[in-house]
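# Topology and contacts: notes
Chain residues, written in single-letter form:
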Amino acid sequence: MLDRYESIVGKGVIDELRLLSDRLRNRSVQHINSTAVGGGVAEILNRMVPLLKELGVNTRWDVIKGGEQFFEVTKKIHNALHGMREAITPEMWDIFWKTGEDNAREIECSADIMFIHDPQPIALINQKAARQNRWIWRCHIDISNAQTRVLDALRSCIIRYDAAIFSAPSFAKEFPIRQFLISPSIDPLSDKNRELPQEVIDETLLHYDIKNDKPMITQISRFDYLKDPIGVIEVYRKVKRYVDCQLALAGGVAADDPESAEVLQTVKRSAEGDQDIHILLMPHNDIHVNALQRASTVIIQKSVREGFGLTVSEALWKGKPVVASAVGGIPLQIRHKYHGLLCHSIDGAALAVKQLLQNPEYAKRLGANGREHVRQNFLLTRHLREYLLLFLSLYSMEDIIYL
Ligand code: UDP
């Protein structure tokens, strides 16, 4: 499998991964997050874990369990860390910590390197005291504007980790532990991103009853207010006054997001009566997501808050022109007017989409630049290299002593 990346990133990159992982052969790594499907974290782990194993690093991935109430609370915590206003009552915190304790009893946290993703499983750190292993908190959220009270409640856990990882320099906060900046990645060989024959793209459009007779604007995201699907519909309506186009809003629901069903209903109501708006449920169908991205004329990501925003790299990798909000990790992926167009409002997004639909040459140039940017910075191989280096660094002092 690893050899197949050589033609995309070069042999040197793969050789280096082998060299680094050789030094980790006697170490084990355990990833823990809150869902096996849906959302960017699961997307990355699904690709990262098999590659780590292939590299000879003893890796496992566990998912915490929690009831509906727990995930309602963690969604609020997620939103509050993103800077939204959320009221989290003492009873809600009780549910959060209690579920943390239940999971700590269920999940054996015995690997040399414990890799805990996001706030949901953060309380597992309580197991650290009894062990000699190293603990990483991997925060995928932009916490730079987090609600202070919510972040403070988590702080007592965070500071017991050996290290924290954030996706971008601007995401981090001051903590008295080592911090690393590692941006996420996409896998160019996954079903989500690999090249597809035209027949597969055509069949997918047919499957969703979409005609290829007018330009298509697409946003692919979980149905979440933070992804602003209603804003996307407004953008489309403004563009449509000038260019006859269609809109695909494709999404699924993540197992750890109880809000999504309500958002989907609101989106459906808002789109009612317009035959050119396609609301598509395509959970866990990576080929369909890939095909839809490739069939699109312009891809939009109109998030009001964002972690990294993998969908942006996915679109750029397919050479698509992208219009995206300048939030979270999106400005890392798009330099305005070079890799795509950044926007700050519905009007701005509409203007940008219209410009791209009316200037196919310009759109193509942005898409090509975007693809190269992703090749250089946001592919899985770079991400793996940085994780391997981090794992090594966590044990480097000991290695020096034993050498
Ligand atoms: N995704 C998907 N099906 C959907 C909606 C999203 O496969 O219906 C994928 C999308 O292609 C991307 C990931 O879920 O790989 C979302 O990651 P992102 O970082 O964009 O956002 P998050 O959901 O983590 O906030």
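Computed from a predicted model, the values in this text were never measured in an experiment. (Residues numbered from 1 in each chain as written. Predicted model: local features only at pLDDT ≥ 70, side-chain atom pairs only at ≥ 80, totals over all residues. Heavy atoms only, no water.)

Below, the discussion takes up the nonpolar core. Of all hydrophobic cores here, the largest spans 47 residues; its most connected members are Ile-136, Val-322, Ile-334, Leu-388 and Phe-391. Elements with a contribution of two residues or more to this core: α2 (11–22), α3 (40–54), β3 (113–117), β5 (163–166), α11 (310–317), β11 (322–325) and α15 (380–394). Among the elements that line this core, the one with the most residues is α15, at eight residues. Aside from chain neighbours lying at most four places away, what touches Val-322 is Ile-299, Val-312, Ala-315, Leu-316, Ile-334, Gly-340 and Leu-341. (Core = buried A, V, L, I, M, F, W, Y, C linked by side-chain atoms within 4.5 Å. Buried < 20%, exposed > 50% of the residue type's maximum accessible area, 1.4 Å probe, protein only. Helix = DSSP H or I, 4+ residues; strand = E, 2+ residues; numbered from the N terminus. Contact = heavy atoms within 4.5 Å.)

So, on to empty space enclosed by the protein. In this structure the tally under the stated criterion is three cavities of 30 Å³ or more. Estimated volume of the largest cavity: approximately 70 Å³. Every residue along the wall of the largest cavity is listed here: Glu-43, Ile-44, Arg-47, Ser-185, Ile-186, Asp-187, Ser-190, Lys-192, Asn-193, Leu-310, Glu-314 and Leu-380. The dominant element in the lining of the largest cavity, judged by the number of residues it contributes, is α3, at three residues. Class assignment of the residues belonging to the lining of the largest cavity gives a composition of four nonpolar, three polar and five charged. As a volume, the second largest cavity reaches approximately 40 Å³. Forming the boundary of the second largest cavity are Gln-219, Ser-221, Arg-222, Phe-223, Lys-227, Pro-229, Leu-249 and Ala-250. Split by residue class, the lining of the second largest cavity holds four nonpolar, two polar and two charged. (1 Å grid on protein atoms, 1.4 Å probe; cavity = no way out; pocket = protein on both sides within 12 Å on 5 of 7 lines; lining within 4 Å. Points joined across faces, edges and corners; volume = space filled by probe spheres on them. Nonpolar A, V, L, I, M, F, W, Y, C, P; charged D, E, K, R; others polar.)

Further remarks concern the site of the ligand. Around the ligand sit 17 residues, and of these Gly-40, Arg-222, Lys-227, Gly-251 and Glu-314 come closest. Here Arg-222 contributes a side-chain N or O atom positioned 2.7 Å from an oxygen atom of the ligand. The backbone of Leu-310 places a nitrogen or oxygen atom 2.8 Å from an oxygen atom of the ligand. Calculation on the ligand without its partners gives an accessible area of 540 Å², and the protein chains cover 89% of this total. (Near = heavy atom within 4 Å. Polar contact = N/O pair within 3.5 Å; in protein donor to acceptor, adjacent residues only side chain to side chain. Areas by Shrake-Rupley, 256 points an atom, 1.4 Å probe, with all protein chains shown as cover.)

Bringing the pattern of salt bridges into the picture now. Summed over all chains, the structure comprises 29 salt bridges. We note a salt bridge from Glu-16 to Arg-385, for which the minimum N-O separation is 2.9 Å. Taken as a pair, Glu-16 in helix α2 and Arg-385 in helix α15 lie far apart in primary sequence, 369 residues in all. Residue class for Glu-16 comes out partly exposed when judged on its relative accessible area of 30%. Of the residues examined, Arg-385 reaches a relative accessible area of 31% and is grouped as partly exposed. Asp-276 serves as the salt-bridge partner of Lys-240, at 2.7 Å between the closest nitrogen and oxygen. (Salt bridge = Lys/Arg side-chain N within 4 Å of Asp/Glu carboxyl O.)

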